[in-house]
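Architecture and fold: a report
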Amino acid sequence: MLTSKWVQLAVLAVLIAALPLLFPSGYYYRIGALIFVNALAVTGLVILVGWAGQISLGHAGFAGIGAYACALAPEHLGLHPVVAIVLGMVISAGLAALIGKPILRLKGYYLGVATLGFGILVTMVLTNERIWTGGPDGMSVAKLGLRELLRDMGVRVSGGVFWYWVCGIVLLIGAWLALNLYNSATGRALRALHGSEVAASTIGIDVPRLKLQAFVISAVYASVAGSFLALQNGFITPDVAGFMHSIEIVTMAVLGGVGSVVGAILGAVILTLLPQVLTVFAEYEQLVLGAVMILVMIFLPRGLLPSIAARLKRKP
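Here's a quick rundown of the structure. (Residues numbered from 1 in each chain as written. Predicted model: local features only at pLDDT ≥ 70, side-chain atom pairs only at ≥ 80, totals over all residues. Heavy atoms only, no water.)

Attention shifts here to the overall build of the chain. Of the regular secondary structure elements, the chain holds 15 helices and two strands. Scaling as 2.2 N^0.38, a compact globule of 316 residues should have a C-alpha radius of gyration of about 20 Å, and the chain matches this with 19 Å. Projected onto its principal axes, the C-alpha coordinates of the chain cover approximately 55 × 45 × 45 Å. Considering the chain as a whole, with its 316 residues, one finds that 47% of them fall into the buried category. Sequence separation of 24 or more characterises 77% of the internal contacts of the chain that already satisfy a separation of 6 or more. (Helix = DSSP H or I, 4+ residues; strand = E, 2+ residues; numbered from the N terminus. Rg over C-alpha atoms; globule rule 2.2 N^0.38 Å. Buried < 20%, exposed > 50% of the residue type's maximum accessible area, 1.4 Å probe, protein only. Contact = heavy atoms within 4.5 Å.)

Taken as a whole and judged by the stated rule, the model has two cavities of 30 Å³ or more. Lining the largest cavity are Val37, Asn38, Ala41, Ala63, Ala222, Ala225, Gly226, Leu229, His245 and Ile249. Of all the secondary structure elements, the ones that give two or more residues to the lining of the largest cavity are α2 (27-51), α11 (207-233) and α12 (243-256). Space inside the second largest cavity adds up to approximately 40 Å³. For the second largest cavity, the full set of lining residues is Phe36, Val37, Leu40, Cys167, Val170, Leu171, Val224, Ala225 and Phe228. (1 Å grid on protein atoms, 1.4 Å probe; cavity = no way out; pocket = protein on both sides within 12 Å on 5 of 7 lines; lining within 4 Å. Points joined across faces, edges and corners; volume = space filled by probe spheres on them.)

Tallying each qualifying case throughout the model produces three salt bridges. Residue Lys107 is joined to Glu197 by a salt bridge in which the shortest nitrogen-to-oxygen separation is 2.7 Å. Separated by 90 residues along the polypeptide, Lys107 in the loop between α4 (81-103) and α5 (108-128) and Glu197 in helix α10 (residues 197-202) bring together distant segments of the chain. A salt bridge links Arg209 to Asp206; its shortest N-O distance comes to 3.9 Å. Owing to a relative accessible area of 39%, Asp206 belongs among the partly exposed residues under this scheme. (Salt bridge = Lys/Arg side-chain N within 4 Å of Asp/Glu carboxyl O.)

Turning to the packing of aromatic side chains, a few remarks are in order. What describes a pair of aromatic rings is the distance from one ring centre to the other and the angle between the planes of the rings. Across all of its chains, the model carries 13 aromatic pairs by this definition. Aromatic pair Tyr29 and Tyr164: ring centres 5.5 Å apart, planes at 85°, arrangement edge-to-face. Taken together, the residues Tyr29 in helix α2 and Tyr164 in helix α8 (residues 159-182) connect sequence positions 135 residues apart. Take Tyr29 and Tyr164: they sit in the same class, and that class is buried. Three or more aromatic residues joined by ring pairs form one cluster here, namely Phe23, Tyr27, Tyr28, Tyr29, Phe36, Tyr164 and Trp165. (Phe/Tyr/Trp six-rings, centres within 6.5 Å; stacked < 30°, edge-to-face > 60°.)

On to the environment of Lys5, then. Examined against the element boundaries, Lys5 turns out to sit in helix α1 (residues 5-18). When its relative accessible area of 17% is taken as the criterion, Lys5 is described as buried. For the pair Lys5 and Arg130, spaced 125 residues apart in the sequence, the C-alpha separation amounts to 45 Å. Once you skip the residues sitting within four places of it in the chain, Lys5 turns out to touch Leu179, Asn180 and Asn183.

This next bit is on α11. In this model α11 runs 39 Å from its N-terminal to its C-terminal C-alpha over 27 residues, within 8% of the 39 Å that 1.5 Å per residue would give. Most of α11 sits out of view: 21 of its 27 residues are buried. Immediately beyond the C-terminal end of α11, within one or two residues, lies Gly234, with a positive phi of roughly 75°. (Expected span 1.5 Å × (residues − 1).)

A word on the side chain of Thr123. With respect to the element layout, Thr123 can be found in helix α5. Contact partners of Thr123, with chain neighbours within four places excluded, come to Pro238, Ala241 and Gly242.

This part is about the packing of α2 against helix α9 (residues 185-195). Running from N to C, α2 and α9 cross one another at 45°; their axes reach a closest spacing of 8 Å. The pairing of α2 with α9 is recorded here as oblique in orientation. Counting all contacts with α2, which are made through Ile47, Val49, Gly50 and Trp51, the residues of α9 involved are Leu190, Arg191 and His194. When its residues are assigned to classes, the contact of α2 with α9 shows four nonpolar, two polar and one charged. (Axes fitted to C-alpha atoms, helices over the stretch in contact; angles between N-to-C directions. Parallel < 35°, antiparallel > 145°, perpendicular 65-115°, else oblique. Nonpolar A, V, L, I, M, F, W, Y, C, P; charged D, E, K, R; others polar.)

With that settled, consider the side chain of Ser223. By secondary structure assignment, the location of Ser223 is in helix α11. Looking at Ser223, its side chain comes within polar contact range of the main-chain oxygen of Gly88, at 3.1 Å. (Polar contact = N/O pair within 3.5 Å; in protein donor to acceptor, adjacent residues only side chain to side chain.)

Spanning 25 residues, α2 covers 35 Å between terminal C-alpha atoms, matching the ideal 36 Å at 1.5 Å per step. Leu45 marks the point of greatest bend in α2, at about 35°. In terms of burial, α2 is largely enclosed, as 21 of its 25 residues are buried. The positive-phi residue at the C-terminal boundary of α2 is Gly53, with phi of around 75°. (Bend = angle between axes of the 7 residues up to and from the residue.)

And the structure:
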């Protein structure tokens, strides 16, 4: 790790607390909450890709499961949204364990294609089951209820401010759990697995179990991120589980530094903010965004944060 766990968490907490001082309007709270949700999903991908070395191109499928759990469970089962979040986590973990056993035997682009197929399958189900999911038009999501509870207690906050702090706290918890995992025996075993599966197995590491464990953990992260995305938007469509969302998550992780939790969060910040900044380029927005990403990968191939840290260490 670039620095100690507590230093990274402290810096992240200070940034979350201080950024609102720079916000000129409530719109920026919404952007901040979206950054935190994306960063949470990317943190899960760091565990799977950056540490365990297993690629996933369909991880948005688990985000879709978490999102639609918050939409379907309150409407059809009468469950509270908080319970729906937990239900989405359980379903995502169960599915990850079920499909992970066969597909994690694959390697390289075969594994990528297999995970891509899972994401496409989830999107197809959400799109075609109109009676339950509303089809391509999507469906509304029940309110969490906490903001209304605060209002009854005399504390009035706008929706943007409320979700900024809720999603910021959830991201801090997710980062804390991931950094604890990094410094644990399991985290060290995951990094050994990334280096060489053969070498890891010769020193007694249960490679299949460890890969499956990383896949399940990352699926739970994605599910929670999808749930909070649905709750803050109040509406959800199958796009949340789409292929492009999966690619965005992977790109965020690679851009910031797929082996670093803080680096991946930085990647989520940049890739969420860039489209907002590049709107001044109108129809050239995607072209400029692509050029920026290509330049970063050429000159900082390990990702922004690890590459910059390595260059700073080389200086006398």
